[in-house]
Amino acid sequence: MERFEYAHPTTQHEAIGLLGSSWNDAAVLAGGTDLISLMKEYVVTPKRVVNIKNVEGLDGIHSNAEGVTIGALVTMDELLADKTIRSEFPALVHAAEGITSPQIRAMGTVGGDLCQRPRCWYFRNGYGLLAMDESGHSLVRDGENRYHAILGNSGPAYFVNPSSLAPALIALDAKLQLEGRKGKREVRASEFFIIPKSDSERENVLEPHEVLTHIVIPASSRGFRSATYEVRHKTALDWPLAAAAVAVKLEGGKVREGRIVLGHVAPIPWPAPDAEKELEGKSITESTAASVGEAAVRGAKPLSQNGYKIQLTKVAVKRALLAAAKGEA
Amino acid sequence: MADYHWPPTDKCNLIGRRIARLDGPWKSSGRIKYSYDMNRPNMLHAKMVFSPYAHAKVVSIDTSAAEKMPGVKAIDIITEPGKEVFWAGHEVAAVAAETEEQARDAARRVQVRYEKLPHLVSDVEPSKAGEHTKQLAEQTDGNPDQALQQAEVTSEGEYGVPVITHCCLETHGQVAEWDGDNLTVYASTQNVSGIPGEFVRAKIADSADKVRVLTPVMGGGFGSKFGADTWGLACARLAKKTGRPVKLMLERDQELMAAGARPSMYAKVKVGAKRDGTLTGWQSESWGTGGPDAQGGAPSIPYVVRIPDRRIRHTTVLTNIGPARAWRAPNHPQMCLITMSALDDLAAKLGMDPVEMLQKNIDMTGQLSKTYSAELEKAAELMDWKKKWHPRGDKTPGSIKRGLGVSIHTWGGRGHDSNCNCVIQPDGSLSASLGSQDLGTGTRTVIGIVTAETMGLPLEAVKVNIGDSKYPADGASGGSTTVGGVSSSTRRAATAALNQLLEKVAPSLNAKPEELEAVDGKIRVIGNPSRAISWKQACAKLGTTPITGVGQRSNDLISSGVGGAQMAEVSVDTETGQVYVDKLVAVQDCGLIIDLKTAESQVYGACIMGITYSLFEHKIMDEQTGRCLNADMEFYKLAGIGDFGEIVVHMMTGSGFDERGVIGLGEPPVISPGAAISNAVANAIGVRVPTLPLTPDKVLGALEKGAVA
């Protein structure tokens, strides 16, 4: 990797002061499970690496009247071990369990999961985030796109968002707290991710000088039943081919409010409002779940090799709904 | 005098038992060093510069910027300007620096100017490959046209296996170290005795006896580690140039791009039979690619089941996909998948149990027909085939469909040239030395067992010396030839050494040497066990001079030609296309088994490797960039421990097998899993998924074309 300056601040203030005004100035290091490999492959070459592992106040899971606050440095293992998370938010548990690598669960953080870069193999092989050739033509469109987007893929971005937790957090209406030079701000998880239009843009609303500090699941989501279902090729560590997170509020056995978010099928975690509408007022049965799955992929436009992901997405939605209906919380 | 022929198995103390491998504890405790672990004092690290293009001419190489990078000590040019590179990942240069990181950074600063040339990296059929084709062979036996015309049932299909890699867990590479004009290479190689000469031919070393290759253990080769390779030669040159030891191990992406690919094979097949299942005719049009060269001849299909009337035509597609290298049982898994899938589809068309169809035509398998027949019966029993099997298409409700598949395979496995020195010291210590290597298969343990058995001593009494080219020359470990080679040369050497000892000891026991035997740690008179002296006392009679027994590979101790039968049981999720192998039964013969435990372990490993290439492996190439896109272990998928179910291994032993002598085993059990699993999937979902790997997209695609009946 290129030479870089290494900083290990202990306060949020100090950490933010060490970040830059452009992405190449500095990169935030937490678990390192993504950043280190990006740097080793020269995909990113920050001048400074700011290790936030020792920054106070970014760890722990706390519950109060407002909701449940998860520090950005909480690891996947810590998330999985937390009693509140386990009992109240199964969608997060399923998603974290889907990371079937003890090493990554031990090191990888919740914040890192949300901020990790796409796994698009053109991007990782050095062809840029949007994978264009010299003439600006997308390598993905006519290339090897079996793992790429089927939704939100009008271009130029065709990668899929790699986050395991984001669909569940969006379904649980979580808020993300960001802190930067201009102070603190809070964005809804559903508004955190964006589809970049050029190689210089990023996949989320973070500014180069900002850090994701906390994730808050509002108290209003506590009564929801939730689940995540991932379709993976391998049982061992593997990226989902498609995933769906659902959170439903049931009243008299019928869905009063349902939230459905798709993962690994679009450049951002993909909300499915048509499917949510289809679900409203119904009881969750095999057949309603299936028709909600159908509604979730309305508008999907497969690329040359990834039509199969439409079917996988339908199934993921159906199975997530059935799992949520069965669940206790 | 002791006889070198194998003792009857019921008289053996060690041969044929389940014995744990000698180097297991050394490996698991880290006491023994792989090439990757080898660090020499004052050692430099080298990294490769690879072509980013699939086909290009090197115009110029400017190393000035790289030379100025921190820590850089030397740069070696592998591909001179003016020469061409033929795949992305082709070796261009190597850079040595003080640290691995410095070498890595500096390798990127070597400025290579390329003139890009047209490439083809797609695994396409010949009609779409333009000029990149070479028709290798056409062969006709009998009258296939007539046979197929008169067949009562015919089946047509297209089957295939894509290019995959070896993905050795220990990547290719070595540490090279000079002492004057003597070169030591700590190499991860399958060919300890064969490599030294390569350094002479490359004009790096003066003579082969000045090159010593050391490979105490190695982390997988599978046919891709027979040569010194360009990086080995570059490493030695860099070490010479700098006067320091140099370590150069490939990184994972380089391993997958440059260190070997298994050629693909696809075929359009028409096969015919009588209504009773008797096979009558075969016709196939096959093609495949293994890189820029046309290697080998036409595949020998139909595989194992020799249908008398056949026509086969094969075309090689020349591509820039990477360098083809032998991959565990070269060509056999591909030929097996094509043949056994076609036969399975034909059986399905006849509504016939495919095991019955194989049994019906068992005579066509030739001299191993009785073995195959017995193995199919045994496998069926272990799978509970008769109870579980159903005609194609699992009719039970729900999205999970279950199915069974069968396949049979063959391999040669005659032992290679081998030489062993067996030394008995006056203090009673005992060693066997061979310039062989243990790829992880159990070679070291087998040598120890044969030596100890011959001497009537426990395994711990033997020191096995292998993995060093200073020992007597031995063949490369490829083609399942090692166990036959080393076990027979060791048996001859140990017997020769023992006989010298018996001659020395005979007078003190008042017996002739031919009246003595070595049993239970004693030399004793045959038929009169009380007239005995201990092994230690016997050896003390040697005075100060040790005994050396010399042995060579001995054809009367070994044989070749094995058969195996495998059956797979799978569950397929028809909503997602996910395939899970619930159970794989592998029944295998390999003649006389020296160590049952490491033999079974070979079969387990082959089954796992087989499940992996059946479900996951595929070297994915991008035609636009000419690059391999999954040169990593993220998208070059290998099975994890949770990705396969029960594996049942049964070795055919006893009468009819043991007396054949020793036959190699490394290759055969990896041949059938693809076919058995593909057939099981077809049996489960009612439709053929034509090519491996059986990925969700392909399974769903096949289901869409022909839904479950």
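Keep in mind it's a predicted model, so treat the numbers as computed, not measured.

Criteria and thresholds
- Each residue is numbered by its place in its chain's sequence as written, counting from 1.
- All chains are assigned letters beginning with A, and all ligands numbers beginning with 1, in the order in which they are written.
- A pLDDT threshold of at least 70 governs which residues receive local features in this predicted model, and a stricter bar of 80 or more applies before side-chain atom pairs are shown or counted, although totals over entire chains, interfaces and linings include all residues.
- Runs of E in the DSSP output that reach at least two residues are strands. Runs of H or I that reach at least four are helices, and both are numbered from the N terminus.
- Three exposure classes are used, all based on how many other C-beta atoms lie within 10 Å of a residue's own C-beta (placed from the backbone): buried at 20 or more, exposed at 12 or fewer, and partly exposed between those limits.
- Two residues qualify as a contact pair if the distance between their C-beta atoms, derived from the backbone, is within 7 Å.
- For the domain bounds, the source is a domain assignment made automatically or taken from a database.
- Amino acid classes used here: Ala, Val, Leu, Ile, Met, Phe, Trp, Tyr, Cys and Pro are nonpolar; Asp, Glu, Lys and Arg are charged; the rest, including Gly, are polar.
- By convention the nonpolar core is taken to be a set of buried residues drawn from Ala, Val, Leu, Ile, Met, Phe, Trp, Tyr and Cys and joined through C-beta atoms within 7 Å.
- pLDDT runs from 0 to 100 and stands for how confident the predictor is about each residue.
- Expected helix span is taken as 1.5 Å per residue step, with the number of steps being one fewer than the number of residues.
- The rule for pairing is simple: two strands pair if DSSP sees at least two bridges between them.
- Geometry is summarised by axes, namely lines fitted to C-alpha atoms with helices restricted to the contacting stretch, and by angles between N-to-C directions that run from 0 to 180 degrees.
- Comment on the angle field: the value is read as roughly parallel under 35 degrees, roughly antiparallel over 145, roughly perpendicular from 65 to 115, and oblique elsewhere.
- Crossings are classed by handedness, with left-handed meaning an anticlockwise turn of the near helix from the far one by less than a right angle and right-handed meaning a clockwise turn.
- It is the directions from the helix axis to the C-beta atoms that the arc portrays.

A. Structural detail: the overall build of chain B. When helices and strands are tallied, chain B shows 17 helices and 28 strands. Dimensions of chain B along its principal axes, counting C-alpha atoms only, are 80 × 75 × 45 Å. For chain B, buried positions account for 60% of its 709 residues. Here the contacts in chain B between residues at least 6 apart in sequence split such that 81% fall between residues at least 24 apart.

B. The arrangement of the overall build of chain A in detail. The helix and strand tally for chain A stands at 13 helices and 12 strands. In terms of overall dimensions, chain A has C-alpha extents of about 60 × 50 × 35 Å along its principal axes.

C. How the structure looks around the domain arrangement of chain B. Residue and element names in this part refer to chain B. When its domains are assigned, chain B resolves into domain 1 (9–24 + 415–557), domain 2 (35–117 + 173–249) and domain 3 (261–413 + 559–705). If you average the C-alpha positions of domain 1 and of domain 3, the two centres end up 39 Å apart. Listed as interface residues are 25 residues of domain 1 and, on the opposing side, 22 residues of domain 3. Elements supplying a minimum of two residues to the side of domain 1 that touches domain 3: helix 12 (443–455) and helix 13 (482–505). Among the elements that line the side of domain 1 that touches domain 3, the one with the most residues is helix 13, at 5 residues. Among the residues forming the side of domain 1 that touches domain 3, the class breakdown is 8 nonpolar, 14 polar and 3 charged.

D. Molecular detail of the nonpolar core. Counting residues in each nonpolar core, the largest one holds 328 residues, and the members touching the most others are Val-246 and Ala-320 of chain A together with Ala-94, Val-95 and Val-681 of chain B. What Val-681 of chain B contacts, discounting residues up to four positions off in sequence, is Gly-403, Val-570, Val-572, Val-579, Val-689 and Leu-694 of chain B.

E. Highlighting the confidence of the model for chain B. Summary statistics for chain B give a mean pLDDT of 96 and a share of 99% for residues scoring 70 or more. Scoring the predicted complex yields pTM 0.97 and, for the interface, ipTM 0.97.

F. Looking closely at the environment of Gly-467 of chain B. All names here are of chain B. With respect to the helices, strands and loops of the structure, Gly-467 is situated in the loop between strand 21 (462–465) and helix 13. For the pair Gly-467 and Gly-194, spaced 273 residues apart in the sequence, the C-alpha separation amounts to 12 Å. Setting aside anything within four residues of it in sequence, one finds Gly-467 in contact with Val-192, Leu-214, Thr-215, Pro-216, Gln-437 and Asp-438.

G. View of helix 8 (residues 332–350) of chain B. All names here are of chain B. Compared with the 27 Å implied by 1.5 Å per residue over 19 residues, the 26 Å span of helix 8 between its first and last C-alpha is a close match. For helix 8, a buried count of 17 out of 19 residues is recorded, marking the element as mostly surrounded by other parts of the structure. Positioned one or two residues after helix 8, Gly-351 has a phi angle of 70 degrees, which is positive.

H. Highlighting the sheet that holds strand 24 (residues 528–534) of chain B. Residue and element names in this part refer to chain B. Across the sheet, 3 strands lie side by side as 22-23-24; this open sheet has antiparallel pairing. Both edges of this open sheet fall to strand 22 (516–519) and strand 24, since each of them pairs with a single strand only. Shown here is a sheet whose adjacent strand axes are inclined to one another by a mean of 35 degrees, direction ignored. Here helix 13 sits on the sheet and contacts strand 22, strand 23 (522–525) and strand 24; the angle it forms with strand 22, its principal contact strand, is near 120 degrees.

I. Fine view of the interface of chain B and chain A. Between chain B and chain A, the residue contacts involve 24 residues of the former and 21 residues of the latter. Here the side of chain B that touches chain A is composed, by residue class, of 8 nonpolar, 9 polar and 7 charged.

J. Looking closely at the sheet that holds strand 5 (residues 67–71) of chain A. Residues and elements named next belong to chain A. The strand order 4-5-8-6-7 describes an open sheet built from 5 strands, whose pairing is antiparallel. Both edges of this open sheet fall to strand 4 (61–64) and strand 7 (183–188), since each of them pairs with a single strand only. On average, adjacent strands in this sheet sit at an angle of 20 degrees to one another, irrespective of strand direction.

K. How the structure looks around the packing of helix 8 of chain B against helix 16 (residues 673–685) of chain B. Residue and element names in this part refer to chain B. Where helix 8 contacts helix 16, the axes come no closer than 8 Å and their chain directions differ by 30 degrees. Judged by the angle between their axes, helix 8 and helix 16 are roughly parallel. Along this stretch, helix 8 crosses helix 16, giving a crossing that reads as right-handed. Contacts between helix 8 and helix 16 involve Pro-333, Cys-336, Leu-337, Met-340, Ser-341 and Asp-344 from the first element and Gly-674, Ala-675, Ser-678, Asn-679 and Ala-682 from the second. In terms of residue class, the contact of helix 8 with helix 16 is built from 6 nonpolar, 4 polar and 1 charged.

L. Molecular detail of the domain arrangement of chain A. Per the domain assignment, the segments of chain A are domain 1 (5–54) and domain 2 (223–326). Centre-to-centre separation of domain 1 of chain A and domain 2 of chain A, based on C-alpha positions: 35 Å.

M. Region of the structure containing helix 12 (residues 286–296) of chain A. Residues and elements named next belong to chain A. For helix 12, the full list of buried residues reads Ala-289, Val-292, Gly-293, Ala-295 and Ala-296. Down the axis of helix 12, the smallest arc covering the buried residues is 160 degrees, so these residues share one side. Facing away from the buried side of helix 12, by more than 90 degrees, are the exposed residues Glu-286 and Ser-287. The secondary structure elements touched by the buried residues of helix 12 are strand 11 (254–263), helix 11 (273–279) and helix 13 (308–326).

N. Summary view of unusual backbone geometry. Each neighbour pair has its own omega, and for Gly-155 of chain A with Pro-156 of chain A the value is 0 degrees, a cis peptide bond. Residue placement: Pro-156 of chain A occurs in the loop between helix 8 (121–127) and helix 9 (166–171). Cis geometry marks the peptide bond from Leu-692 of chain B to Pro-693 of chain B; its omega dihedral reads -10 degrees. With respect to the helices and strands, Pro-693 of chain B occurs in the loop between helix 16 and helix 17 (696–705). You will see that Cys-167 of chain B, though not glycine, has its phi angle at about 50 degrees, which is positive. Positive phi, close to 65 degrees, is recorded for Ala-329 of chain B, a residue that is not glycine. Its location among the elements puts Ala-329 of chain B in the loop between strand 17 (309–317) and helix 8.

O. Up close: the packing of helix 15 (residues 596–615) of chain B against helix 16 of chain B. All names here are of chain B. One can describe the packing of helix 15 onto helix 16 by two numbers: an axis separation of 8 Å at closest approach and a directional angle of 55 degrees. Regarding the angle of helix 15 to helix 16, the classification is oblique. Classified by chirality, the crossing of helix 16 by helix 15 is right-handed. Here Cys-607, Gly-610, Ile-611, Tyr-613 and Ser-614 of helix 15 come into contact with helix 16, specifically with Pro-673, Gly-674, Ile-677 and Ser-678. Residue composition of the contact of helix 15 with helix 16, by class: 5 nonpolar, 4 polar and no charged.

P. Geometry of the environment of Val-450 of chain B. All names here are of chain B. Relative to the helices and strands, Val-450 is located in helix 12. Using a count of 34 C-beta atoms within 10 Å as the deciding quantity, one classes Val-450 as buried. Taking the C-alpha atoms as reference, Val-450 lies 9.7 Å from Ala-432; in sequence the two are 18 residues apart.

Q. Spatial organisation of the pairing of strand 13 (residues 246–249) of chain B. Residues and elements named next belong to chain B. The alternating pattern of strand 13 places Val-246 and Leu-248 on one face and Lys-247 and Met-249 on the opposite face, and all of these are buried. Relative to strand 13, strand 10 (residues 173–179) is paired through 4 bridges, and the arrangement is antiparallel. Opposite Val-175, over in strand 13, you have Lys-247 as the bridge partner.

R. Highlighting the pairing of strand 9 (residues 225–232) of chain A. Residue and element names in this part refer to chain A. In terms of burial, strand 9 is a largely internal element, 8 of the 8 residues being buried. Direction of pairing for strand 9 relative to strand 10 (residues 240–251): antiparallel, over a ladder of 8 bridges. Its bridge partner being in strand 10, Glu-230 is matched across the sheet by Ala-243.

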